[in-house]
Amino acid sequence: MDLSYSQEELAFRDEVRGWLNANLPQDLRDKVANYEELTREDLLRWHRILAKQGWVAPAWPKEWGGTGWNVVQRYLFEEELGYVGSPPLIPFGLSMCGPVLLRFGTEAQKKRFLPRIYNGDDFWCQGYSEPGSGSDLASLKTKAVREGNEYVVNGQKIWTTLGHYADWIFCLVRTDSNMSKKQEGISFLLIDMKTPGITVRPLMLMDGGNEVNETFFENVRVPAENLVYEENKGWTVAKYLLGHERMNTGRIGGSKRELAKLKEFAARQPGDDGRPLLADPRFRDKLTRVEVELMALEITNLRFLDQMRRSGQPPGADVSMLKIKGTEIQQALTELAMQAVGPLAQPFAPVAANTPFDEFTAGLAPRYCNYRKTTIYAGSNEIQRNIISKMTLGL
Amino acid sequence: MHFDYSEEQQLLADSVRRFLGKGYDFEARKKIVASAEGWSPETWATLAEMGVTGLPLPADAGGFGGGAVDLMGVMEAFGDALVVEPYLATILAARLIARAGSDAQREALLPSVVDGKLRLAFAHTERGARYNLAQVQTAAKPAGGGWELQGEKAVVLGAPIAEKLVVSARTAKGVSLFVVDRGAVAINAYRTLDQMRAGDVTLKSVKVGGDALLGPDGGALPLIEESMDFGAALVCAEAVGAMKFACDTTLEYLKTRKQFGVPIGTFQALQHRVVDMYIAQEQARSMACLATSRADSAASDRERRMAISAAKIKIADSCRLISQESVQLHGGMGMTEELKVSHTFRRLTMIAQQFGDADHHLARFAALDGEGP
Ligand SMILES: Cc1cc2nc3c(=O)[nH]c(=O)nc-3n(C[C@H](O)[C@H](O)[C@H](O)COP(=O)(O)OP(=O)(O)OC[C@H]3O[C@@H](n4cnc5c(N)ncnc54)[C@H](O)[C@@H]3O)c2cc1C
């Protein structure tokens, strides 16, 4: 057993780290560091810088712009992206719609959409959840009726992340309501957000930010050529995608960065006795517990990668534990950061945007609020536990 | 031993609850919060009419001489409705005036507080002090028969909407209290996470008369500590009201929200979670009873401190568990501004850290415990 990266892997990491540090624009770096809201343009600018370098979609096949890196290299790259504090690469095009088209799309669909996703020409969003269908996604009701060469879509999606930035949405819609199983009769449709009949309404989250929306479809006419895979076989596509979605939820690089930041902050911040908070055993122990959790998660993740590298198979239901632990750690870090500033955590930045108190401090409590989402979205942690219980433990 | 409210306590709590139930539901609160002032003068006037502003103030000032236990039911109702009016801020400062002020100061200020015409704030905490009450760098120097104050106070609750501030400052003799006009200081106003009005206060060579000194020159720390403990007891009671709402509304959601064809409350994984929320709420209520019972009528300072710290530790833990779980069990809906539960989440999150967080009180309790009785 050897838990260390090889010389080549370390060299690769250093190369990536060096490049990211040299190429991440300072203003974007600052925005991320201060937890500021990123605009569509901010997100796309970083996307395009990586696209130009050829690194924006490492997992894609080489012919479509992939890097040919192995799973460990891809993991290292993602960890470095998080660690350097870059704007997030929005997954909807790159790690959701892209992989789906690669696996299920026609040649024409691939040619039409993949280069535009790669280059950041189109901004994508995900239209799965509905007001009545969250954890129970397969119960979705948004209807698509075939009329000649078109589908006519009616219904409502909810929680559409960055739908207000998006050019395209991929949706699960019901094309047949008479199937015996609710998973049957669902189809996977690509819809241009400019199509008449689509309304996007912002849903404000409790931190005051607008990142999710309600998306309404009223007689929206979608060309039949935008159907991916077969009609009524959308659940097969969705299941494939859900596996993909859950691979990156450990967010280890980002958490390492937040941990380092918190340590550095707690070393400057006085505790009740005037000494640095970091020297307060109560605070220090809590911080250490999170750090140890993160170490365990990292090693668990590496074990999965090693397995994957050898078997060529994704790790199956057990990736759920990466999501559970990764999100718990992210939340613990935001909570500790808020506690670290004590009484100064009270000011609410978004409402008081132009008051001159410390921007970093003011962002901590809203961020704590916002991060409650991580245990809810991308398959809630309860659902992830159900998956392990059923699939791995056979209960 | 008994845990019942007296008839009077119950009547007042009921009428406050009724009033808030009608005039301060979630929609009404939304409007108040969104208004330029961020609080409702009408609500304040009604609370004064009902005797709530005078409740903890002495009878000779027109008040009712009530203690923390008398306030418990009112604070619970405030927590349930998420009242944003500056009650806590005003009461803390008014109690300091009642306890330390000269007859002239009491007469000049307290009757207007009782009448609802005067709002106050207590400016004590400073940047870098964290929860250490003794950390006061704001200075007061004698100047021409009066005093000159210089310094900065952080996150002063209610400051932007108070007419007068009680400010702590260090003289040659130690920490002292002063009554200062709001107009004499500069305030960076903002809203707190839980939508209350607060601000950072800058005192730049603020000149006040000799009669601005509240209580003796120096030696105000024990009074400040007692006052903060009283405030802690009140937020413990408020938290219980907020927790009850969070638990009730989550339970209701579990019974009505359907996924997989059944109410999500049929999933045992979730049933045990709400049970733990319920237990946390009951434990918190017990500790709020302890806190209010000991805040102003403990046999000794030590007994008071230990009771308040114990209560605040438990309340902070329950705030955290109940707020986090109530959002989690609501799924995405719990994250939205549209549901009241996310606002209760924000209030509970702030209460957990107000008047000392759990770590602060763990340290205080452990130190007192170590001293022996
Ligand atoms: C910030 C944010 C961004 C999102 N972005 C998107 C997006 O871009 N596109 C998209 O399609 N969706 C998105 N979602 C939706 C997300 O996937 C759903 O919120 C999630 O699936 C949970 O569904 P729900 O909110 O309806 O909660 P519900 O399914 O109603 O769940 C409520 C509670 O019950 C629990 N529960 C449900 N079923 C079970 C069970 N069988 N056993 C035990 N517990 C159970 C849940 O874990 C939760 O705690 C987003 C959500 C959020 C909060």
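Residues numbered from 1 in each chain as written. Chains lettered and ligands numbered in written order. Predicted model: local features only at pLDDT ≥ 70, side-chain atom pairs only at ≥ 80, totals over all residues. Heavy atoms only, no water.

Residue and element names in this part refer to chain B. Domain boundaries in chain B define domain 1 (7-114), domain 2 (120-216) and domain 3 (222-370). Counting residues at the interface gives 13 residues for domain 2, matched by 14 residues for domain 3. The largest contributions to the domain 2 side of the interface with domain 3 come from Tyr131, Leu193 and Asp194, which together make up 49% of the buried area. The interface formed by domain 2 and domain 3 includes two salt bridges. Of the charged contacts, one joins aspartate 357 and arginine 130 as a salt bridge, the two residues approaching to 3.5 Å between their closest N and O atoms. Where domain 2 meets domain 3, there are three residue pairs in polar contact (both at pLDDT 80 or more). Considered class by class, the residues forming the side of domain 2 that touches domain 3 number eight nonpolar, three polar and two charged. (Domains from an automatic or database assignment. Contact = heavy atoms within 4.5 Å. Buried area = accessible area lost by both parts, 1.4 Å probe. Salt bridge = Lys/Arg side-chain N within 4 Å of Asp/Glu carboxyl O. Polar contact = N/O pair within 3.5 Å; in protein donor to acceptor, adjacent residues only side chain to side chain. Nonpolar A, V, L, I, M, F, W, Y, C, P; charged D, E, K, R; others polar.)

On to the nonpolar core. One finds Phe170, Phe188, Leu190 and Ile191 of chain A to be the most contacted residues of the largest nonpolar core, which totals 122 residues. Each residue touching phenylalanine 188 of chain A, except ones within four places of it in the same chain, is listed here: Val100, Tyr128, Phe170, Cys171, Leu172, Asn226, Leu227, Val228, Gly234, Val237 and Leu241 of chain A. Residues Val136, Val166, Leu234 and Cys319 of chain B belong to the second largest nonpolar core, which totals 89 residues. (Core = buried A, V, L, I, M, F, W, Y, C linked by side-chain atoms within 4.5 Å. Buried < 20%, exposed > 50% of the residue type's maximum accessible area, 1.4 Å probe, protein only.)

Residues and elements named next belong to chain A. Sheet analysis places strand β2 (residues 143-147) next to strand β3 (residues 150-158), joined by five bridges and oriented antiparallel. Across the sheet, residue arginine 146 finds its bridge partner in β3, namely tyrosine 151. Where β2 hands over to β3, the hairpin turn is made up of two residues, of which glycine 148 adopts a positive phi near 60 degrees. Where β3 and strand β7 (residues 212-223) come together, eight bridges link them in antiparallel fashion. Across the sheet, residue glycine 155 finds its bridge partner in β7, namely phenylalanine 217. (Pairing = 2+ DSSP bridges. Helix = DSSP H or I, 4+ residues; strand = E, 2+ residues; numbered from the N terminus.)

To continue, consider the packing of helix α2 (residues 26-33) of chain A against helix α3 (residues 40-53) of chain A. Residues and elements named next belong to chain A. Relative to each other, α2 and α3 sit at 125 degrees, their axes nearing to 11 Å. When the axes of α2 and α3 are compared, the pair comes out oblique. For the pair α2 and α3, the sense of crossing is left-handed. Contacts between α2 and α3 involve Asp27, Leu28 and Lys31 from the first element and Asp42, Arg45 and Trp46 from the second. Considered class by class, the residues forming the contact of α2 with α3 number two nonpolar, no polar and four charged. (Axes fitted to C-alpha atoms, helices over the stretch in contact; angles between N-to-C directions. Parallel < 35°, antiparallel > 145°, perpendicular 65-115°, else oblique. Left-handed = near helix turned anticlockwise from the far one by under 90°.)

In this section: the site of the ligand. The local shell around the ligand holds 29 residues, among which Ser135, Thr161, Ser380 and Glu382 of chain A together with Arg257 of chain B are the closest. Around the ligand, the neighbouring residues derive from chains A and B rather than from a single chain. Here an oxygen atom of the ligand and a backbone polar atom of glycine 332 of chain B are 2.8 Å apart. Burial of the ligand by the protein chains amounts to 94% of its free accessible area of 970 Å². (Near = heavy atom within 4 Å. Areas by Shrake-Rupley, 256 points an atom, 1.4 Å probe, with all protein chains shown as cover.)

With that out of the way, let us pick up the layout of surface pockets. In this structure, the second largest pocket spans a volume of roughly 960 Å³. Ala332, Glu335 and Arg372 of chain A together with Arg320 and Gln324 of chain B are, among the 38 residues lining the second largest pocket, the residues nearest its centre. Looking at the lining of the second largest pocket, the elements that each hand over two or more residues are α9 (281-311), α10 (319-340) and α12 (381-392) of chain A together with α9 (301-329), α10 (340-353) and α11 (358-371) of chain B. Residue classes in the lining of the second largest pocket are distributed as 14 nonpolar, nine polar and 15 charged. (1 Å grid on protein atoms, 1.4 Å probe; cavity = no way out; pocket = protein on both sides within 12 Å on 5 of 7 lines; lining within 4 Å. Points joined across faces, edges and corners; volume = space filled by probe spheres on them.)

One non-glycine residue, asparagine 219 of chain A, lies in the positive phi region at around 45 degrees. Relative to the assigned elements, asparagine 219 of chain A resides in strand β7. Unlike most non-glycine residues, serine 205 of chain B shows phi in positive territory, near 45 degrees. Relative to the helices and strands, serine 205 of chain B resides in strand β7 (residues 197-208). Look at serine 205 of chain B and you get partly exposed, because its relative accessible area is 36%.

What follows covers the side chain of glutamine 331 of chain A. Residue and element names in this part refer to chain A. Structurally, glutamine 331 can be placed in helix α10. On the accessibility criterion, glutamine 331 (7% relative accessible area) is buried. Only 3.4 Å separates the side chain of glutamine 331 from the side chain of threonine 374, close enough to count as a polar contact. When sequence neighbours within four positions are dropped, the list of residues in contact with glutamine 331 reads Tyr371, Arg372, Thr374 and Thr375.

With that out of the way, let us pick up the environment of tyrosine 229 of chain A. All names here are of chain A. By the element assignment, tyrosine 229 lies in the loop between β8 (227-228) and α7 (234-245). Tyrosine 229 sits 83 residues away from arginine 146 along the chain, and the two C-alpha atoms are 15 Å apart. Residue contacts for tyrosine 229: discarding those within four places in its chain leaves Phe104, Thr236 and Val237.

Turning our attention to empty space enclosed by the protein. By the definition in use, this model includes four cavities of 30 Å³ or more. Taken as a whole, the largest cavity holds about 170 Å³ of empty space. Glu85, Pro86, Tyr87, Leu88 and Met196 of chain B are the residues nearest the centre of the largest cavity, which is lined by 17 residues in total. Elements represented by at least two residues in the lining of the largest cavity include exactly α4 (68-81) and α5 (87-100) of chain B. Element by element, the count of residues in the lining of the largest cavity is highest for α5 of chain B, at three residues. There is about 140 Å³ of room inside the second largest cavity. Lining the second largest cavity are 14 residues, and of these Leu44, His47, Ile90, Asp122 and Phe123 of chain A sit closest to its centre. Broken down by secondary-structure element, the contributors of at least two residues to the lining of the second largest cavity are α3 and α5 (91-104) of chain A. Here the lining of the second largest cavity is composed, by residue class, of 10 nonpolar, three polar and one charged.

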